[in-house]
Amino acid sequence: KLLSPARRRKAVLYLEKEHPASERRACQVAGQHRSTQRYQPKDRDDESVLIQDIHRLVGRHPRFGCRRITRLLQDEGWRVNYKRVHRIWKQEGFKVPRKARKKRYIGLAANACDKRKAVGVNDVWTLDFIHDRLVDGRQFKCLAILDEFTRENLALPLGRSITGDDVLTELSRLISLRGLPNFIRSDNGPEFVSIHVRNWLDHLGVGTLFIEPGAPWQNGYVESFNSRFRDEFLNVELFHTIKEARMLAQKWRMAYNQTRPHSALNYMTPARFAASRGAADFASLRSAPSTPPRQEDEIGYRAA
């Protein structure tokens with residue numbers, strides 16, 4: 001009795017197919033009237049013409065919904081209600097596409113690296129992603145974190161996927177070792193501009209410097225590092241697994257900081273330049289916070 005008439009008809013047809021018996025017995029079991037079971041729906045004479053007019057109006061007004069189309073049909077002289085138009089609307093598969101929301105960017109040209117320069121150790125950290133592929137074609141990405149003043153590569157985590165939570169975890173680890181930076185510069189990537197990341201940085205008192213969208217030159221220090229990283233490492237090595245790529249990347253990072261002369265530092269290594277500026281005691285500059293909550297402990301391992 002809880003079934004609709006249409007479902008009862010289907011139930012009767014199923015009983016007749018699975019358990020051959022009289023129609024009377026099948027209707028009695030399903031609780032369906034025999035007259036309803038034998039009913040055959042009839043199309044109206046004007047159904048095809050109405051469908052053609054609905055197609056015409058929908059093609060002319062693709063952003064109109066079912067109610068507006070019903071109103072237009074009534075204005076054209078059709079004596080039709082919304083329920084009939086809605087039935088045809090669903091039958092023909094019409095659907096109004098959702099409006100595309102325009103993404104709001106928050107970057108400013110005033111946050112460019114040539115306008116807001118780093119003035120000391122831990123003044124500005126800069127972040128960016130760089131992508132590459134394994135031998136089998138699977139893609140991975142690296143998160144480059146630099147100190148703009150010393151040009152040190154503070155971290156180079158690598159994985160199949162690096163989310164906003166992974167960025168927070170890596171920043172928390174670095175802050176526990178080096179102290180809080182004054183600012184973090186990045187583009188408008190979703191991992192950097194998410195509400196979770198921004199609220200966490202605001203809670204710590206770390207400022208954000210978001211560059212303008214489509215202007216990578218405003219984050220020139222990390223873009224220069226990405227160019228060296230690709231030219232001297234990614235284009236030279238072949239990676240068969242994520243673990244191999246991660247291990248080789250860390251080895252290259254240590255060489256970059258400790259043995260590779262940097263032309264912008266008068267050909268001193270970043271580590272030597274940082275030591276000359278008294279960077280050995282930078283961890284005591286500002287207190288380090290606790291690690292933000294997350295489920296995984298290692299970046300990229302859940303997707304490796």
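Structure report, in brief. Just so you know, these numbers come straight off a predicted model, no measurement behind them. (Residues numbered from 1 in each chain as written. Predicted model: local features only at pLDDT ≥ 70, side-chain atom pairs only at ≥ 80, totals over all residues. Heavy atoms only, no water.)

Brief notes about the environment of Leu168
Selection criterion: Working definition: helices are DSSP H or I runs of at least four residues, strands are E runs of at least two. Numbering for both runs from the N terminus.
Structurally, Leu168 can be placed in helix α7 (residues 164-178). Distance from Leu168 to Trp200, taken between C-alpha atoms, is 8.3 Å for residues 32 residues apart in sequence.

What about the packing of helix α4 (residues 47-60) against helix α6 (residues 82-92)?
Defined as follows: Each axis is a line fitted through C-alpha atoms, taken for helices only over the stretch in contact, and angles between the N-to-C directions span 0 to 180 degrees. Under this scheme an angle from 65 to 115 degrees is roughly perpendicular, one under 35 degrees roughly parallel, and one over 145 degrees roughly antiparallel; angles in between are oblique. In this description, contact between two residues means that some pair of their heavy atoms is separated by no more than 4.5 Å. Under this grouping Gly is polar, as are all residues other than the nonpolar Ala, Val, Leu, Ile, Met, Phe, Trp, Tyr, Cys and Pro and the charged Asp, Glu, Lys and Arg.
Here α4 crosses α6 at 75°, and the two axes come no closer than 11 Å. Taken together, the axes of α4 and α6 lie roughly perpendicular to each other. Residues Glu47, Leu50, Ile51, Ile54, His55 and Val58 of α4 form the contact with α6, whose participating residues are Arg84, Val85, Arg87, Ile88, Trp89, Gln91 and Glu92. Partitioning the contact of α4 with α6 into residue classes produces seven nonpolar, two polar and four charged.

Topic: a positive patch on the surface
Cut-off, in case you're wondering: Distance thresholds for patches are 9 Å for like charges and 5 Å for nonpolar side chains (Val, Leu, Ile, Met, Phe, Trp, Tyr), applied to residues having over 30% relative accessible area and no salt bridge. Only the protein chains shown count as cover for residues, with accessible areas throughout obtained via the Shrake-Rupley method and a probe of 1.4 Å. For salt bridges, the criterion is a side-chain nitrogen of Lys or Arg within 4 Å of an Asp or Glu carboxyl oxygen. Charge assignment in this entry is limited to Lys and Arg as positive and Asp and Glu as negative, and neither His nor the chain termini are counted. Charge positions are represented by NZ for Lys, CZ for Arg, CG for Asp and CD for Glu.
Residues Lys90, Lys95, Arg98 and Arg101 make up a contiguous surface patch of positive charge. Within the fold, Lys95 resides in the loop between α6 and β1 (124-133).

Here we look at the packing of aromatic side chains
For clarity, the cut-off: Only rings of Phe, Tyr and Trp enter the pairing, Trp through its six-membered ring, and a pair is recorded when the two centres are within 6.5 Å. The plane angle decides the type: under 30 degrees is stacked, over 60 is edge-to-face, the rest tilted. Throughout this description, buried means an accessible area under 20% of the type-specific maximum (1.4 Å probe, protein chains only), exposed means over 50%, and partly exposed covers the range between.
Per the counting criterion, the structure on display carries twelve aromatic pairs. Ring geometry for Phe140 versus Phe239: centroids 5.8 Å apart, planes at 85°, classification edge-to-face. Of this pair, Phe140 sits in strand β2 (residues 139-147) while Phe239 sits in the loop between α10 (220-234) and α11 (242-258); the two residues are 99 residues apart in sequence, bridging distant segments of the chain. In this structure Phe140 comes out as buried when scored by relative accessible area, which is 1%. In this structure Phe239 comes out as buried when scored by relative accessible area, which is 1%. Relative to Tyr256, the ring of Phe225 has its centre 5.1 Å away and its plane inclined at 85°; by these criteria the two rings are edge-to-face. Placement of Phe225 in helix α10 and of Tyr256 in helix α11 is noted, with a sequence separation of 31 residues between them. Phe225 gets classed as buried once you look at its relative accessible area, which sits at 2%.

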